[in-house]
Amino acid sequence: MATVKNLSIAITGMVFSILMSSSRGEAHITGIPHTNSPLIDFSKVTSPSIEEAFKYPEVTLNPNPSRVLFGAGELLTFQRTTDDTDGQYVLLDAVGQPGNLTPPHIHYDSDEWFYIADEGITLYLGDQVYSRGVIPGTNAPKGKLYAIDTEPGDLFFSPRGQIHAHQVTGTTPAGERIVASPSGNLDKWFRLGGVPVTDPSNLPEPDFSKLGAAIAVAPDYGLILSSNFGELEDKVYFDVPVPDEIVKNNRADELIALLSNNARPVPEPSSVLGVLAFGAFCAISIRKRKHKINVF
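Everything quoted here is computed from the prediction, not taken from an experiment.

What counts as what
- Sequence order as written defines residue numbering, which begins from 1 separately in each chain.
- pLDDT decides what is reported in this predicted model: residues at 70 or higher carry local features, side-chain atom pairs at 80 or more are listed and counted, and totals for whole chains, interfaces and linings draw on all residues regardless.
- Hydrogens and water molecules were not included; the side-chain quantities draw on all heavy atoms of the structure.
- pLDDT is defined as a per-residue confidence score from the predictor, taking values between 0 and 100.
- Strands are runs of DSSP state E lasting at least 2 residues, helices are runs of H or I lasting at least 4, and numbering of each runs from the N terminus.
- A contact between two residues is defined here by any heavy atoms of the two lying within 4.5 Å.
- Paired strands are those between which DSSP finds at least two bridges.
- Categorising residues by exposure relies on relative accessible area from a 1.4 Å probe, with only protein chains included: less than 20% of the type maximum marks a residue as buried, more than 50% marks it as exposed, and the intermediate range marks it as partly exposed.
- The arc in question is the one traced by the directions running from the helix axis out to the C-beta atoms.
- Working definition: rings of Phe, Tyr and Trp (its six-membered ring) pair if their centres are within 6.5 Å, and the pair is stacked with planes under 30 degrees apart, edge-to-face with planes over 60 apart, and tilted otherwise.
- Criterion for a charge above a ring: Lys NZ or Arg CZ within 6 Å of the ring centre, and within 35 degrees of the ring normal.
- Note on definitions: angles span 0 to 180 degrees between N-to-C directions of axes, and those axes are lines fitted to C-alpha atoms, for helices only across the stretch in contact.
- Nonpolar residues are Ala, Val, Leu, Ile, Met, Phe, Trp, Tyr, Cys and Pro. Charged residues are Asp, Glu, Lys and Arg, and all others, Gly as well, are polar.
- We define the nonpolar core as a collection of buried residues of types Ala, Val, Leu, Ile, Met, Phe, Trp, Tyr and Cys that are connected through side-chain atoms lying within 4.5 Å of one another.
- Here a polar contact is taken to be a pair of N or O atoms separated by no more than 3.5 Å, where protein atoms must pair a possible hydrogen donor with a possible acceptor and residues adjacent in sequence count only if both atoms sit in side chains.

Draft legend 1. Expanded view of the confidence of the model for the protein. Looking at the protein as a whole, the pLDDT averages 78, with 71% of positions reaching at least 70. Mean pLDDT values for the elements of the protein range from 34 in helix H2 (residues 24-27) up to 98 in strand E12 (residues 223-224). Segment residues 266-296 is flagged for pLDDT under 50; beyond a separation of four residues in sequence, or across chains, it makes 61 contacts in the model.

Okay, structure coming up:
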């Protein structure tokens, strides 16, 4: 069974690469003069040291969230959407299968926070921020990425314009909670390319035609995509101290303030189950990072 799952992931990755190659002309804007992309200031940073897990704020989630299967078997649950936050943010839970890779990409219109829920997730964050129209590897030099072996309870911030990627490097499914602000209609783009899921325990087959349709219109959602490493960056740093500026500058206070403004309340759950479920999520998140958690 595991062999079938791994084969499915490999085939999906190959199809994604083919779709990206065929839509490269549409997905990458060309002919825009290169501007100097600002380097993240590493002059006064040292190796990271995060002692405590982030205490995730309590948020009222949609009691009946929609779900899609996206890409190479990633299950996305839309806990807060563009519509119910008036576009202020999107909050989604993402669970990937072992080996699942979200290749390097850029969001021009949204900042993102990544809250790590499980062990076995490697996050890649870039050393530069690119303005709209500046595309590393096309009309600008390629960037560089730092590979970060995350732990449960970690919170990371990725400013708009930064190259980033995710990979499930463990041997079991792993999840993270993602917030994008402003929403950039990111949830609608995922729905465009994903297959609706009614039963998370019985996932449907990927639909490559839907994935291709989403890739083709990615620039309309402020996205620059790649099919694998090496297209947007020319170096990935492994097993080196990650600059504190990348690890510690997580803007946790901004995230807490953002989530405290729910904009438009979601429908109240018919029971207290929704609140209890998220209460359990928050209670688990305050544990030390050494404790594995599985909340999705």
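Draft legend 2. Looking closely at the sheet that holds strand E13 (residues 233-237). In spatial order, the strands read E12-E4-E9-E6-E7-E13; together these 6 strands make up an open sheet with mixed pairing. Two strands bound the open sheet, and with one partner strand each, they are E12 and E13. Direction of pairing for strand E4 (residues 101-107) relative to strand E9 (residues 162-168): antiparallel, over a ladder of 3 bridges. If you follow histidine 105 over to E9, its bridge partner there is histidine 164.

Draft legend 3. Molecular detail of helix H4 (residues 208-216). When H4 is considered as a whole, its buried residues turn out to be Leu211, Gly212, Ala214 and Ile215. Here the buried residues of H4 occupy an arc of 160 degrees about the axis, which is enough to place them on one side.

Draft legend 4. Summary view of the packing of aromatic side chains. One pass over the structure, following the stated rule, counts 10 aromatic pairs. Where tryptophan 189 meets phenylalanine 190, the ring centres are 5.4 Å apart and the plane angle is 55 degrees; that geometry is what we call tilted. Taken as a pair, tryptophan 189 and phenylalanine 190 share a single burial class, namely buried. By way of ring pairs, the aromatic residues Phe54, Tyr56 and Tyr115 are connected into one cluster. If you follow arginine 177 out to its NZ or CZ, it ends over the ring of tyrosine 56, 5.7 Å from the centre. The positively charged end of arginine 191 is found above the aromatic ring belonging to phenylalanine 78, 4.4 Å away from the centroid.

Draft legend 5. Highlighting the sheet that holds strand E3 (residues 90-96). The antiparallel open sheet is built from 7 strands, whose spatial order is E8-E5-E10-E3-E2-E1-E11. The two strands at the open ends of the sheet, each matched to only one other strand, are strand E8 (155-158) and strand E11 (195-196). Sitting on the sheet, helix H6 (residues 252-260) touches E3, strand E5 (111-116), E8 and strand E10 (174-181), and the angle it makes with E10 is about 75 degrees.

Draft legend 6. Local environment of the packing of helix H3 (residues 186-193) against H4. It is the contact of H3 with H4, at a shortest axis distance of 7 Å, that shows an interaxial angle of 145 degrees. Taken together, the residues of H4 that come into contact with H3 (itself represented by Trp189, Arg191, Leu192 and Gly193) are Lys210, Leu211, Ala213, Ala214 and Ile215. Classifying every residue of the contact of H3 with H4 by side-chain character gives 6 nonpolar, 1 polar and 2 charged.

Draft legend 7. Layout of the nonpolar core. One finds Leu76, Leu92, Phe156, Trp189 and Phe190 to be the most contacted residues of the largest nonpolar core, which totals 31 residues. Not counting chain neighbours up to four residues away, the residues in contact with leucine 92 comprise Leu76, Thr77, Phe78, Gln79, Glu176, Arg177, Ile178 and Phe190. The next biggest cluster of nonpolar side chains, apart from the first, holds 15 residues, and it includes Phe54, Tyr56, Val59 and Leu259.

Draft legend 8. Seen up close, the environment of leucine 225. Residue position: leucine 225 is located in the loop between E12 and E13. In sequence terms leucine 225 and isoleucine 163 are 62 residues apart; their C-alpha atoms lie 9.6 Å from each other.

Draft legend 9. Region of interest: H3. Turning to H3, its buried residues number three or more, namely Leu186, Asp187, Trp189, Phe190 and Gly193. Take H3 and look down its axis: the buried residues cluster within an arc of 160 degrees, on one side only.

Draft legend 10. Layout of the environment of threonine 122. Within the secondary structure, threonine 122 is located in strand E6 (residues 121-129). The spatial distance from the C-alpha of threonine 122 to the C-alpha of threonine 150 is 5.9 Å, given a sequence separation of 28 residues. Aside from chain neighbours lying at most four places away, what touches threonine 122 is Ala147, Ile148, Asp149, Ala165, His166, Gln167 and Thr169. Among the polar contacts listed, one links the side chain of threonine 122 to the side chain of aspartate 149, at a separation of 3.3 Å.

Draft legend 11. Here's a closer look at the side chain of arginine 177. Structurally, arginine 177 can be placed in strand E10. Within the structure, the side chain of arginine 177 is placed 2.6 Å from the side chain of aspartate 93, a separation counted as a polar contact.

Draft legend 12. Representation of the environment of arginine 67 within the structure. Tracing the sequence through the fold places arginine 67 in strand E1 (residues 66-70). Residues arginine 67 and alanine 94, 27 residues apart in the sequence, show an inter-C-alpha distance of 9.8 Å. Excluding its chain neighbours within four sequence positions, the residues that come into contact with arginine 67 are Leu75, Leu76, Thr77, Phe78, Val195, Pro196, Val197 and Pro200. In this structure the side chain of arginine 67 is engaged in a polar contact, spanning 3.2 Å, whose partner is the side chain of threonine 77.

Draft legend 13. Fine view of unusual backbone geometry. In this structure, the amide linkage connecting serine 181 to the following residue, proline 182, adopts the cis form with an omega of -15 degrees. For proline 182, the location among the structural elements is in the loop between E10 and H3. The phi angle at aspartate 86 is positive, at roughly 55 degrees, despite the residue not being glycine. Here aspartate 86 is to be found in the loop between strand E2 (74-80) and E3.

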